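Chain by chain, the residues:
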Amino acid sequence: MTAQLSNQERAEVLIDALPYIQKYHNKIVVVKYGGNAMDSIQAKRDVMSDLVLLSLVGIKIVLVHGGGPEITQMLEKVGKKSEFLDGLRVTDKETTEIATMVLAGKVNKDLVSTIQTIGGRAVGISGMDGGLISAKFMDERLGYVGDITEINPAPVLDLLSMGYIPVISTIGFDMDSNTYNINADTAASEIAAALEAESFICMTDVVGVLKDPSDPSSLIPHLTLEDAQKCFDDGIISGGMIPKAQCCINAVKKGVNRVFIIDGRTPHSVLIELLSNKGIGTMFTMQEV
């Protein structure tokens, strides 16, 4: 049974969070959301509640989401098998249409609805809206998988200025009317950089960068860019962590002050990371802080 906090304890929790609220007030925080954090209705509601709270205290939240499992499920329904190359989905024209329908439609609007039922204000857009994400073919073997060529932050900044949480599905476009499926981690990193965000949070299904992948207690809480490169060289950052860490490093190099990899399965992980001195993931920065 969970212990109940007294009113005094609740007040102390809020006061402890005050310096962090002040630090992030009126600053942009980009959150990449997907994977296991989307697996259950309650987990999804917990994450969206965190984002609504942060928005209501004056932090400008931008939500970028994935939806790979949902795309796979829809492809199975239409009898189409998913094929992957170097971790990316091989995407023909039909798959692109299904990905757009799932990401910009079902997943995006479900997140918008969840935010609004909690009391937040959200608007769902895709990378095609307002020319947000311009892209080109990444590799002809992958088909319509996009390599980002430009981010136009104007539509996101417009929504933030009106008090909305922009909810972004990572569908890109080019001037030849091609539509691209784009890796959500990569897109979120580039969007954070283009928005000159204070922080970028990448939610995943591990606690962060581990010295020993089999030991969750070996979490590395902070990495400078120099530290991160050593982790690559020593093989500490390996496997599925490589692309996520590369996205985080990219965001730092392009000016985002603090970048985090956190476990989206942990209840209220975003609040714990941003509004306390007990961060639960791995933070990347340019230098020591």
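Residues numbered from 1 in each chain as written. Predicted model: local features only at pLDDT ≥ 70, side-chain atom pairs only at ≥ 80, totals over all residues. Heavy atoms only, no water.

(A) Structural detail: the overall build of the chain. The number of helices and strands found in the chain is nine helices and 14 strands. A globule of 289 residues ought to have a C-alpha radius of gyration of about 19 Å, and the chain, at 19 Å, matches this closely. For the chain, the C-alpha atoms occupy an extent of roughly 60 × 45 × 40 Å along the three principal directions. Considering the chain as a whole, with its 289 residues, one finds that 48% of them fall into the buried category. Sequence-distant contacts, at least 24 apart, represent 71% of the contacts inside the chain between residues at least 6 apart. (Helix = DSSP H or I, 4+ residues; strand = E, 2+ residues; numbered from the N terminus. Rg over C-alpha atoms; globule rule 2.2 N^0.38 Å. Buried < 20%, exposed > 50% of the residue type's maximum accessible area, 1.4 Å probe, protein only. Contact = heavy atoms within 4.5 Å.)

(B) The nonpolar core, seen in detail. Of all hydrophobic cores here, the largest spans 42 residues; its most connected members are Val30, Val62, Phe200 and Phe284. Sort the elements by how many residues they give to this core and helix α8 (residues 241–253) lands first, with six residues. Counting 37 residues, the second largest nonpolar core, distinct from the first, contains Tyr33, Leu103, Leu274 and Met283. (Core = buried A, V, L, I, M, F, W, Y, C linked by side-chain atoms within 4.5 Å.)

(C) Broad picture of the pairing of strand β2 (residues 60–65). Of all six residues making up β2, five are buried, and the element is well covered by its neighbours. For strand β1 (residues 28–33) and β2, the ladder comprises six bridges, and the chain directions are parallel. Note on β2: the bridge partner recorded for valine 31 is leucine 63. Bridging between β2 and strand β8 (residues 165–169) involves three bridges; their strand directions are parallel. By the bridge assignment, leucine 63 is partnered in β8 with valine 167. (Pairing = 2+ DSSP bridges.)

(D) Layout of helix α4 (residues 93–118). Taking 1.5 Å per residue, 26 residues should reach 38 Å; α4 reaches 37 Å between its end C-alpha atoms and fits that length. If you look at α4, its biggest bend is around 30 degrees, right at asparagine 108. Looking one or two residues beyond α4, the residue adopting positive phi is glycine 119, at roughly 115 degrees. (Expected span 1.5 Å × (residues − 1). Bend = angle between axes of the 7 residues up to and from the residue.)

(E) Structural view of the packing of aromatic side chains. As enumerated under the stated definition, the model contains three aromatic pairs in all. On the basis of an interplanar angle of 55 degrees and a centroid distance of 5.2 Å, the ring pair of phenylalanine 137 and tyrosine 144 is categorised as tilted. By relative accessible area, which is 38% here, phenylalanine 137 ends up partly exposed. Taken together, a centroid distance of 5.0 Å and an interplanar angle of 80 degrees make the contact between phenylalanine 137 and tyrosine 180 edge-to-face. Residue phenylalanine 137 is found in strand β6 (residues 133–137), and its partner tyrosine 180 is found in strand β10 (residues 179–181); the two are separated by 43 residues along the sequence. Among the aromatic residues, those joined into a cluster by ring pairs are Phe137, Tyr144 and Tyr180. Above the ring of tyrosine 164, the side-chain terminus of arginine 121 is found at 4.1 Å from the ring centroid. (Phe/Tyr/Trp six-rings, centres within 6.5 Å; stacked < 30°, edge-to-face > 60°. Lys NZ or Arg CZ within 6 Å of the ring centre and 35° of its normal.)

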